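Letter by letter, the chains look like this.
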Amino acid sequence: MKTQKRIGILTSGGDCPGLNAVIRAVVSHATLTYDWEVIGIPYATQGLLEQKAIALSRHGLDLRGIDPLLSMGGTILGSINKGNTLEHADEIIASYQALALDALIAVGGDGSLSILNDLACRGNWQLVAVPKTIDNDVALTERSIGFDTAVNTITDALNRLTFTAASHDRVMIVEVMGRSTGHLALHAGIAGGADVILLPEIPYSIQGVCRTLAELRDRWAHKFAIVVVAEGAKTTNEVLSCDPALPSLTPQCGIGQYIAEQISRYSTMPIDTRVSVLGHIQRGGIPSALDRLVATTFGKAAVDLVAQGQLRQMVAWQNGRVVAVPLAEVLAHSPLPVDPNGYLVKTAQALGIYVGDVLA
Ligand SMILES: Nc1ncnc2c1ncn2[C@@H]1O[C@H](COP(=O)(O)OP(=O)(O)O)[C@@H](O)[C@H]1O
Ligand SMILES: O=P(O)(O)OC[C@H]1O[C@](O)(COP(=O)(O)O)[C@@H](O)[C@@H]1O
Ligand SMILES: [Mg+2]
């Protein structure tokens, strides 16, 4: 039996490819299967605060029947990853009632979901979460929307850089995102054939990096190399990765530039380095087939959780299936680090890739 509901959907935190595919799935399933009304809240908690609502319909964005949402990057609802949410918590909590919501589906990463979970607990909202982030650092789910596309984007960049590196016998240092975790660097580094992968979870030494580069050259006549460095990578002696005294560094200290300076300083042979910072290119592009698939199944499952009246659950990908996990448990274990003794690290090491100084 159908029960009329009015549900909200918002996207929060850093954008990523696949967000629009979730919106499409939620609107389709909620309207076609359950006959509910779906409203989009623009700019996450900011839109809630301002009590903004956009009516969403299954074919609302179509042009002559062409549905752009499945393949469109970014989010049509807009997103924020900063703000003064805490100052306005009471007003935001009250907005849920004011907008006459029966449930809210929040697509976000660990930061946003933690903020929204607090608001939901205080306001007794029916909140269902969908994990998204190119960083893949949300716990209890093997996949978050956007990660696969970002890994593909980085891998493509590594392929391109490999041939120019080989042509000039250069060491290419490629700085990638990931905040405090190295999932992006590790996955793309392995897939893109990196020689060195530096992660926040496994401290590196510049001696280890230089030793690897020397061995490539001396043992294998491999005169070029690809070094992938996660933005949060750390050294073994736990000093800050970026040395602000170095003149060429920006105040934020690009870790890629820092590694290049360190290689020049400590390598026993002359090495020509170039640095590429992939930046927000990693968040752009059309979603991969896998991200569209995950987004679509997550959107459908989130609507079903609302129908079942489940409170504060997150949809998750586990063993090839979509399951529901308690949001509080997810947040207690997020951000999820790379396992330094996990199979991906061991695979990289087995192939001779330097991944930092892992303690046995
Ligand atoms: N809706 C929001 N309102 C205010 N601040 C936010 C919001 N979403 C995220 N943030 C903040 O932005 C920063 C980045 O959060 P992050 O972990 O990247 O979010 P997410 O993982 O959801 O993308 C954190 O400091 C977090 O508290
Ligand atoms: O958009 P901004 O503020 O530059 O954020 C950059 C950060 O967002 C990310 O791209 C994605 O992180 P979230 O998914 O947690 O938002 C990080 O990898 C990066 O450190
Ligand atoms: Mg995050």
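Residues numbered from 1 in each chain as written. Chains lettered and ligands numbered in written order. Predicted model: local features only at pLDDT ≥ 70, side-chain atom pairs only at ≥ 80, totals over all residues. Heavy atoms only, no water.

1. Regarding the packing of helix H7 (residues 206–220) against helix H8 (residues 255–266)
Taken N-terminus to C-terminus, the directions of H7 and H8 make an angle of 70°; their axes are 10 Å apart at the nearest point. If you check the angle between H7 and H8, you find them roughly perpendicular. Contact with H7, carried on its side by Ile206, Val209, Cys210 and Leu213, involves Ile259, Gln262, Ile263 and Tyr266 of H8 and no other residues of that element. For the contact of H7 with H8, the residue count by class is seven nonpolar, one polar and no charged. (Axes fitted to C-alpha atoms, helices over the stretch in contact; angles between N-to-C directions. Helix = DSSP H or I, 4+ residues; strand = E, 2+ residues; numbered from the N terminus. Parallel < 35°, antiparallel > 145°, perpendicular 65-115°, else oblique. Contact = heavy atoms within 4.5 Å. Nonpolar A, V, L, I, M, F, W, Y, C, P; charged D, E, K, R; others polar.)

2. A few points about the layout of surface pockets
Here the largest pocket defines a volume of roughly 480 Å³. Gly13, Gly14, Asn81, Lys132 and Arg179 are the residues nearest the centre of the largest pocket, which is lined by 26 residues in total. A per-class count over the lining of the largest pocket returns six nonpolar, twelve polar and eight charged. (1 Å grid on protein atoms, 1.4 Å probe; cavity = no way out; pocket = protein on both sides within 12 Å on 5 of 7 lines; lining within 4 Å. Points joined across faces, edges and corners; volume = space filled by probe spheres on them.)

3. Considering the domain arrangement of the protein chain
Taken domain by domain, the protein chain consists of domain 1 (6–146 + 287–318) and domain 2 (148–283 + 340–351). Placing a centre on the C-alpha atoms of domain 1 and another on those of domain 2 gives a separation of 34 Å. Taken together, the contact between domain 1 and domain 2 spans 15 residues of the former and twelve residues of the latter. Summing both partners gives a buried area of about 1,100 Å² for domain 1 against domain 2, and 47% of it is carried by carbon and sulfur. The three residues of domain 1 that bury the most area against domain 2 are Asp15, Ile134 and Asp135, which together make up 43% of that side's buried surface. Scanning the region where domain 1 abuts domain 2 turns up one salt bridge. Among the ionic pairs, Arg283 bridges to Asp15, the shortest N-O distance being 2.8 Å. Here the side of domain 1 that touches domain 2 is built from residues that sort into five nonpolar, five polar and five charged. (Domains from an automatic or database assignment. Buried area = accessible area lost by both parts, 1.4 Å probe. Salt bridge = Lys/Arg side-chain N within 4 Å of Asp/Glu carboxyl O.)

4. What about the sheet that holds strand S8 (residues 225–230)?
Taken in spatial order, the four strands make up an open sheet running S7-S8-S6-S9, and their pairing is parallel. At either end of the open sheet lies a strand with only one pairing partner, and these are strand S7 (196–198) and strand S9 (273–277). Each strand axis lies, on average, 15° off the axis of its neighbour in the sheet, ignoring direction. One ladder, built from five bridges, connects strand S6 (residues 171–176) with S9; its direction is parallel. (Pairing = 2+ DSSP bridges.)

5. A short note on the packing of aromatic side chains
Taken as a whole and assessed by the stated rule, the structure comprises three aromatic pairs. Ring centres of Tyr96 and Trp125 lie 5.1 Å apart, and the angle between their planes is 5°; on these two criteria the pair is classed as stacked. Placement of the pair is Tyr96 in helix H3 (residues 89–98) and Trp125 in the loop between helix H4 (110–123) and strand S5 (127–131), with a sequence separation of 29 residues. Each member of the pair, Tyr96 together with Trp125, is buried. Seen in terms of ring centroids, Phe298 and Trp317 are 6.5 Å apart; in terms of plane orientation they differ by 65°. Their pairing is edge-to-face. Taken as a pair, Phe298 in helix H9 (residues 289–307) and Trp317 in strand S10 (residues 313–318) lie far apart in primary sequence, 19 residues in all. Residue classification places Phe298 among the buried residues on the basis of a relative accessible area of 0%. (Phe/Tyr/Trp six-rings, centres within 6.5 Å; stacked < 30°, edge-to-face > 60°. Buried < 20%, exposed > 50% of the residue type's maximum accessible area, 1.4 Å probe, protein only.)

6. Notes on the site of ligand 2
Taken together, the residues surrounding ligand 2 are Gly14, Asn81, Lys132, Thr133, Ile134, Asp135, Met177, Gly178, Arg179, Glu231, His280 and Arg283. A distance of 2.9 Å is found between an oxygen atom of ligand 2 and a side-chain nitrogen or oxygen belonging to Lys132. One nitrogen or oxygen atom from the side chain of Thr133 is found 2.6 Å from an oxygen atom belonging to ligand 2. Computed on the free molecule, ligand 2 has an accessible area of 480 Å², of which 81% lies beneath the protein chains in the complex. Among the cavities detected, the one that contains ligand 2 is the largest pocket. (Near = heavy atom within 4 Å. Polar contact = N/O pair within 3.5 Å; in protein donor to acceptor, adjacent residues only side chain to side chain. Areas by Shrake-Rupley, 256 points an atom, 1.4 Å probe, with all protein chains shown as cover. Sits in = over half its atoms within 2 Å of the grid points.)

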